[in-house]
Amino acid sequence: MVHRVEIALFLLFALLLTIALMTHFHGPATVAVKPMRERVKVSLEDARLDEINATALLNTYTVHKAALKGRTWYFEGLDLRNPQISYLRAEHALRKAKLLELEGNVSMRRLDGSLYRAGKVRYDLGKRIVRSIGPFRADKGESYVRGIDFRYGLNDKITEAKKVFAHYPMRTKK
């Protein structure tokens, strides 16, 4: 039971790590470079990043708005798609040196139909720890798992959560 959830959440947060490694934007984007004395150094609207390697398209990121303030990127309307998932979305996101935080209806739908949701997700890149702050829910068909304050360590592969409830309907062969 927990094994399926751990695998799915590991995939979700591996994708968050990929977001943290974004390098450049291309496509129809409006870019404004501000003087150094202002707080916002760079702002983007309706930007798209296609991440590729020598053989295939890896990830496609789109954002409604993005801004670089100091050394922190702020995103609004983040949407990620790749060959392993249908989508990963968040209303707001920020990326600091060792932290990636997604907030506001964070959701990921996998190709197998599983849906994972949380209000706020934080990924510590240095410690490789993923946390959902507050309630989370994972659904697949009639089955679901829900709880609060999820923590998953990518190094030790230990999952912790509070007030966990799992519902898996049992079917009998006829």
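Residues numbered from 1 in each chain as written. Predicted model: local features only at pLDDT ≥ 70, side-chain atom pairs only at ≥ 80, totals over all residues. Heavy atoms only, no water.

## What about the nonpolar core?
Let me state the cut-off plainly: Here, nonpolar core refers to any group of buried Ala, Val, Leu, Ile, Met, Phe, Trp, Tyr and Cys residues whose side-chain atoms link them within 4.5 Å. The buried label goes to any residue with under 20% of its type's maximum accessible area, the exposed label to any with over 50%, and the partly exposed label to all in between, with areas taken from a 1.4 Å probe on protein chains only. Secondary structure elements are taken from DSSP: a helix is a run of H or I of four residues or more, a strand is a run of E of two residues or more, and numbering for both begins at the N terminus.
With 23 residues, the main nonpolar core has V63, L102 and Y123 as its most contacted residues. Contributions of two or more residues to this core are made by β2 (40-52), β3 (57-69), β4 (72-82), β5 (85-96), β6 (99-110), β7 (115-124), β8 (129-140) and β9 (143-153). In terms of nonpolar packing, the next biggest core, distinct from the first, is built from 8 residues, Y61, L80, I85 and A138 among them.

## A few points about the confidence of the model for the chain
Test applied: For every residue, the predictor reports its confidence as pLDDT, a number between 0 and 100. Note on definitions: a residue-residue contact is assigned when non-hydrogen atoms from the two residues lie within 4.5 Å.
For the chain, per-residue confidence averages 77 on the pLDDT scale, and residues scoring 70 or more make up 78% of the total. Low pLDDT (under 50) marks residues 8-38, which in the prediction has 68 contacts with non-local residues, meaning those over four places away or in another chain.

## Observations concerning the packing of aromatic side chains
The test is simple: Stacked, tilted and edge-to-face are the three classes applied to pairs of Phe, Tyr and Trp rings, where Trp contributes its six-membered ring and a pair requires centres within 6.5 Å; stacked means planes under 30 degrees apart, edge-to-face means over 60, and tilted covers the rest. Geometrically, a charge over a ring is one whose NZ (Lys) or CZ (Arg) sits within 6 Å of the ring centre while staying within 35 degrees of the ring normal.
One pass over the structure, following the stated rule, counts 3 aromatic pairs. With a centroid separation of 6.0 Å and an interplanar angle of 40 degrees, the aromatic rings of Y144 and F165 are classed as tilted. Here Y144, found in strand β9, pairs with F165, found in strand β10 (residues 159-167); they are 21 residues apart in sequence, far enough to count as distant. F165 sits in the partly exposed class, given a relative accessible area of 37%. The cationic tip of R89 hangs over the ring face of Y87; the distance from NZ or CZ to the ring centre is 3.8 Å. Between the NZ or CZ atom of R137 and the centre of the ring of Y144, over which it lies, the distance is 4.1 Å.

## Notes on the environment of R95
Quick reminder of the rule: Identification of polar contacts relies on pairs of N or O atoms within 3.5 Å, with a donor-acceptor requirement for protein atoms, meaning one able to donate a hydrogen and the other able to accept it, and with residues adjacent in sequence counted only if both atoms are side-chain atoms.
Inspection of the secondary structure assignment puts R95 in strand β5. Along the primary structure R95 and Y74 are separated by 21 residues, whereas in three dimensions their C-alpha atoms are 6.7 Å apart. Of note is the side chain of R95, whose polar atom sits 3.0 Å from the backbone oxygen of A97.

## A closer look at the pairing of β3
Put simply, the rule reads: At least two bridges found by DSSP between two strands are what make those strands a pair.
Both β2 and β3 contribute to a ladder of 11 bridges, which runs antiparallel. Each residue of the ladder has a partner; that of L49, found in β3, is Y61. Counted along the chain from β2 to the antiparallel partner β3, the turn is 4 residues long. When β3 meets β4, the two strands line up antiparallel, connected through 8 bridges. Considered in β4, the bridge of A67 is made with Y74. Here β3 folds back onto β4, and the loop between the two strands holds 2 residues, one of which, G70, carries a positive phi near 65 degrees.

## Remarks on the pattern of salt bridges
Under the convention used in this document: Salt bridge, as used here: a side-chain nitrogen of Lys or Arg that lies within 4 Å of a carboxyl oxygen of Asp or Glu.
Taken as a whole and judged by the stated rule, the model has 10 salt bridges. For R48, the salt bridge is made with D50, and the minimal N-O distance between the two is 3.0 Å. Taking relative accessible area as the criterion, R48 reaches 36% and is therefore assigned partly exposed. Assessed through its relative accessible area of 16%, D50 is described here as buried. In this structure, the salt-bridge partner of R122 is E101, at a minimum N-O distance of 2.7 Å. Of this pair, R122 sits in strand β7 while E101 sits in strand β6; the two residues are 21 residues apart in sequence, bridging distant segments of the chain.

## Examining the pairing of β4
The sheet contact formed by β4 and β5 spans 8 bridges and is antiparallel. Along β5, the bridge assignment pairs L80 with L88. Between β4 and β5, which pair antiparallel and follow one another directly, the connecting turn spans 2 residues.

## Considering the environment of I129
Locating I129 in the fold gives a position in strand β8. Note on I129: relative accessible area 16%, which makes it buried. The sequence separation of I129 and L99 amounts to 30 residues, and the corresponding C-alpha distance is 10.0 Å. Contacts of I129, omitting those with residues within four sequence positions, involve R122, Y123, D124, R151, Y152 and G153.

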